[in-house]
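Here's the letter readout for the chains.
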Amino acid sequence: MTVKKVFGRPESLCDVPNLYCSGCGHGVAHRLVAEAIDHFGLRDRTVAVAPAGCSVLLYDYFDVDSIESAHGRALAVGTGIKRANPDLFVFTYQGDGDLASIGMCETIHTANRGENLTAIFINNAVYGMTGGQMAPTTLLGQTTTTTPNGRCAEMEGAPMKMAEMMATFDGVVYSERVALYDPRQTIRARKAVFKAFEAQINNEGFGFVEILAACTTNLKMTPERAQQWLVDDLCETFPLGVYKDVMSGAKQESVASRESVGATAGSGSVKHAD
Amino acid sequence: MNTVFTPAAQRNGKLTLVQGNIALAEGALHAGLDCYFGYPITPQNQVPEYLSAKLPERGGAFVQAESELASINMVLGAASTGARAMTSSSGPGISLMQEGISFLAGDELPAVIANVMRCGPGMGGIKPTQGDYYQATRGGGHGDYHTIVLAPASAQEMFDLTYQAFDVADTYCNPVLILADAILGQMKEPAVLEPPYERKAIKKDDWSLTGAAGRKARNIRSMLLAGDDQEQLNYKLEKKYERVKQELPMWECIDTEDADLIVVAFGTSARISSSAARLARAEGLKVGVFRPITLFPFPEEALRDLASKVGKFLVVEMNLGQMLHDVRAIVGHDIPVSFYGRPGGGVPTVREVLENIKESVS
Ligand SMILES: Cc1ncc(C[n+]2csc(CCOP(=O)(O)OP(=O)(O)O)c2C)c(N)n1
Ligand code: SF4
Ligand SMILES: [Mg+2]
């Protein structure tokens, strides 16, 4: 009898145990990105940029060339790499503190220039690495180590919606928000990463994927409870869906897609228009 | 003199009347600049303006970044691929870059940064200064590291030292800072805009990020969490800085052989001091000038040598005494070192320096 291998470690992921907490979204997100690198045969020309944040250890897990960046500067570093060598495939992998707070200026301008690279944005609604402080994406009412009474809009502002914001820039050709909470959504997330990668491969411009993920440790939740929080709370504030797709061959009016998805987000059975 | 790099002293060739900032940009182009990233700030705007036209013509990349934070990190990204990358700025912009410069040093990436100094502190103004000497020579950002600092004193050296800076950066895998000022940036002077020597071909394919085709994946980082790796990185850097101190010091001695008093000054201050020293000689005073061209590494041995023969020193700076402390530490407490300087955009006049020379000699 011949045994056919149907599932295994992506080649561009190293065969080492990862040190992320159990239930952390980074592990799954890494896998999806690695699968995309394998699928498009990009391993030999990829440079990954990992800024400060829990995923700064990314280079221990990915078997591709990589560089560490200062907190918030991943997209500037990525711009430098890509402008110096446009043949390289460049992706950044950034947390919410990194991309939406300290690095917001770089985020907006890199998107607006339409740099031909891909930003993978892990929104876990906290600063994981530094111990669970408030992030720009922390939910209203969510307690963190710096919002002991819960985030309040009057004092701390409302959560920032990056996938929506990215869609407003002419340089962005693809922007989608996905979530890692069940196999269906994980497959959807995988597709989104593939799409954003394709945008760069085809030299179409900036691709953006916001991945809602759980930081179990700072939520102080079991992986199971954290998944439920993702569905019930995070998706409620951050509706899933494609916010922009102007890639060649795009079938869908992005607004329609967003609306149909937004209406059902949080129910656990997200419906996409595509 | 040093063994690896020497200043281009006598230049033969066609003289062009050129502004310092343009000479600097031309020096970079002749060195094979691949990428420039920068944000506008006076008094260095001619550098990005000039390169925005010239660099793309030669197939290079020019990006006006959204801030100096972005420009220095774009430089870092480009440098990591093995490209020759630079930025330029002044005062507040250079302050914003310090984190990135620390990363370049920690990552051992070659890059060139030009600081056309304007007066501070704070927003300050666009007048010239040498108030960034400490920032430039002490590291400026966080951690134990040094940038290599080259201090031009003419349009010719804006060209020559910028040209050389790329070879120096590549040789030592370290950021190199050109420390000029508003006068050197804005002033027009005749200069030969031809390379002072043939560009060094320095291999980068053993560390640059090119995609891991046919080899193991590489990573460039300065965050080393395992064991005492971070401590070891610092020892490694220190070893490199020792090599730099051995090989790189550059300086100029003007009329120092028979001098009773030596004025120590760099950049614009050295130009002013040389004029004052000539006038002093005309009045029968034996005065020379010692001009450090590298500020890190400071030409310690050369100065110590002079101190064994000369009784008195005068330090002249466009600040309130920064290099002064290095000079005092080198020549020792037994030798009198006096000081004249003006901060905040004040430029010492030749007369003022001459008076200070006379006071210091007597
Ligand atoms: C300039 C600077 N400020 C602060 C820090 C400390 N710091 C490291 S990671 C981080 C926040 C990370 O949060 P996020 O980007 O959301 O990533 P996560 O760990 O949640 O994946 C902070 C504040 C730093 N490294 N550099
Ligand atoms: S602290 Fe949070 S983000 Fe960091 S590894 Fe743990 S679960 Fe993941
Ligand atoms: Mg986070």
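Within any chain, residue numbers begin from 1 and follow the written order of that chain's sequence. Just so you know, chain letters begin at A and ligand numbers begin at 1, following the order they were written in. Only residues with pLDDT of at least 70 are given local features in this predicted model, and only at 80 or more are side-chain atom pairs given and counted; all residues enter the totals for whole chains, interfaces and linings. Where side-chain values are given, they derive from all heavy atoms of the structure, hydrogens and water being excluded.

*Asks:* I tried to follow the interface of chain B and chain A on my own but got confused; where do I start?
*Replies:* Interface size is often expressed as the accessible area that is lost when the parts come together. Contact with chain B, which involves 37 residues of that partner, is made by 33 residues of chain A. The buried area of a pairing is the accessible area, by a 1.4 Å probe, that goes missing from both parts when the two are put together, added over both. Counting each side, the surface lost to burial between chain B and chain A is near 2500 Å², with a carbon and sulfur contribution of 60%. For this analysis, a salt bridge means a side-chain nitrogen from Lys or Arg found within 4 Å of a carboxyl oxygen belonging to Asp or Glu. If you look at where chain B meets chain A, you find three salt bridges. The salt bridge involving glutamate 66 of chain B is made with arginine 113 of chain A; its shortest N-O contact spans 2.8 Å. Two residues form a contact once any of their heavy atoms are found within 4.5 Å.

*Asks:* It is not clear to me how the site of ligand 2 should be interpreted in this structure. Could you clarify?
*Replies:* Proximity criterion: a residue is near a molecule or strand once any of its heavy atoms comes within 4 Å of it. Close contacts around ligand 2 come from Tyr20, Cys21, Cys24, His26, Cys54, Asn124, Gly128, Cys215, Thr216, Thr217 and Asn218 of chain A, and that covers them all. Looking at side-chain class alone, the shell around ligand 2 contains five nonpolar, six polar and no charged residues. Residues are grouped as follows: nonpolar covers Ala, Val, Leu, Ile, Met, Phe, Trp, Tyr, Cys and Pro; charged covers Asp, Glu, Lys and Arg; every other residue, Gly included, is treated as polar.

*Asks:* What am I meant to see in the site of ligand 1 here?
*Replies:* Looking at ligand 1, there are 17 residues lining it, with Cys54, Asp96, Asp98, Gly128 and Met129 of chain A nearest. Residues close to ligand 1 are split across chains A and B. As used in this structure description, the phrase polar contact means that two N or O atoms lie within 3.5 Å; if the pair is within protein, one of them must be able to donate a hydrogen and the other to accept it, and residues adjacent in sequence are counted only when both atoms belong to side chains. Contact between ligand 1 and aspartate 96 of chain A: an oxygen atom at 2.5 Å from a side-chain N or O atom of the residue. A distance of 3.1 Å separates an oxygen atom of ligand 1 from a polar atom in the side chain of asparagine 124 of chain A. To be clear on the numbers: accessible area is Shrake-Rupley with a 1.4 Å probe, and residue cover counts the displayed protein chains and nothing else. Protein contacts shield 76% of the accessible area of ligand 1, which totals 590 Å² for the unbound molecule. For the shell around ligand 1, the secondary-structure elements that each account for two or more residues are α4 (96-102) and β5 (126-127) of chain A. Per-element tally for the shell around ligand 1: the top contributor is α4 of chain A, with four residues. Grouping the constituent residues of the shell around ligand 1 by class yields six nonpolar, eight polar and three charged. Helix and strand assignments follow DSSP, with helices taken as H or I runs no shorter than four residues and strands as E runs no shorter than two, numbered in order from the N terminus.

*Asks:* Which parts of the structure should I look at to understand the pattern of salt bridges?
*Replies:* When the charged atoms of two side chains with opposite charge come close together, those side chains can pair. Residue and element names in this part refer to chain A. Counted under the stated rule, the structure contains 31 salt bridges over all chains. In this structure, glutamate 35 and arginine 31 form a salt bridge, with 2.7 Å as the shortest nitrogen-oxygen distance. Taken together, the residues glutamate 35 and arginine 31, both in helix α1 (residues 25-39) and four residues apart, mark about one turn of the helix. According to the relative accessible area criterion, glutamate 35 is buried, its value standing at 14%. Residues arginine 43 and aspartate 63 are paired through a salt bridge, measuring 3.4 Å at the closest nitrogen-oxygen approach. Residue arginine 43 is found in the loop between α1 and β1 (46-51), and its partner aspartate 63 is found in the loop between α2 (58-61) and β2 (65-69); the two are separated by 20 residues along the sequence. Only protein chains enter the accessibility calculation, which uses a 1.4 Å probe; a residue whose area is less than 20% of its type maximum is buried, one above 50% is exposed, and one in between is partly exposed.

*Asks:* Help me understand the pairing of strand β11 (residues 261-264) of chain B, please; the structure alone is not making it clear to me.
*Replies:* Look at any regular strand and the pattern is simple: side chains alternate between the two faces of the sheet. Residue and element names in this part refer to chain B. Where burial is concerned, the two faces of β11 agree: the one with Leu261 and Val263 and the one with Ile262 and Val264 are both buried. Taking the sense of rotation as the criterion, the β-α-β connection linking β11, helix α10 (residues 267-282) and strand β12 (residues 287-292) turns out right-handed. Strands pair, by our definition, only if DSSP identifies at least two bridges between them. In this structure, β11 lies alongside strand β14 (residues 312-317), joined through four bridges in parallel fashion. The residue bridging valine 263 from the neighbouring strand is leucine 314, located in β14. Orient the strands so they point away from the viewer; a crossover is then right-handed if the path from the first strand over the helix to the second runs clockwise.

*Asks:* Even after reading the chapter, I still don't get the confidence of the model for chain B, so can you show me in this structure?
*Replies:* Any residue range with low pLDDT should be treated as having predicted coordinates unsuitable for detailed reading. Confidence along chain B averages 96 in pLDDT terms, with 98% of residues attaining 70 or more. The ipTM, which scores confidence in the relative placement of chains, is 0.95 for this predicted complex, and the corresponding pTM is 0.95. The score called pLDDT rates the predictor's confidence residue by residue, from a low of 0 to a high of 100.

*Asks:* Explanation requested: the sheet that holds strand β7 (residues 175-181) of chain B in the structure shown.
*Replies:* Residues and elements named next belong to chain B. Sheet architecture is open: seven strands sit in the order β3-β2-β4-β5-β7-β6-β13, paired in mixed fashion. A strand with exactly one partner marks an edge of an open sheet, and here the two such strands are β3 (61-64) and β13 (294-296). Each strand axis lies, on average, 20 degrees off the axis of its neighbour in the sheet, ignoring direction. Of the pairings in the sheet, the one linking strand β5 (residues 111-117) to β7 comprises seven bridges and is parallel in character. Along β7, the bridge assignment pairs asparagine 115 with leucine 179. Lines fitted to C-alpha atoms define the axes, with helix axes restricted to the stretch in contact, and inter-axis angles between N-to-C directions lie between 0 and 180 degrees.

*Asks:* Please explain helix α5 (residues 98-107) of chain B as it appears in this structure.
*Replies:* What sets the pattern is the α-helix's 3.6 residues per turn: residues three or four places apart point alike. All names here are of chain B. Taking burial as the measure, the 10 residues of α5 include nine buried ones, the bulk of the element. Burial in α5 covers these residues: Gln98, Gly100, Ile101, Ser102, Phe103, Leu104, Ala105, Gly106 and Asp107. Phi turns positive, to about 55 degrees, at glutamate 108, one or two residues after α5.

*Asks:* Please clarify how the sheet that holds strand β10 (residues 251-254) of chain B should be interpreted in this entry.
*Replies:* Strand pairs in the sheet, formed through backbone hydrogen bonds, run parallel or antiparallel to each other. Residue and element names in this part refer to chain B. Taken in spatial order, the five strands of this open sheet run β10-β12-β11-β14-β15, and their pairing is mixed. Both outer strands of the open sheet, β10 and β15 (337-341), are each paired with one neighbouring strand and no more. Neighbouring strand axes in the sheet, compared pairwise and without regard to direction, differ in orientation by 20 degrees on average. With four bridges joining them, β10 and β12 adopt antiparallel strand pairing. In the sheet register, tryptophan 251 faces β12, and the bridge partner there is proline 292. The sheet strands contacting helix α13 (residues 350-361) are β11, β12, β14 and β15, and the helix crosses β14 at an angle near 155 degrees.

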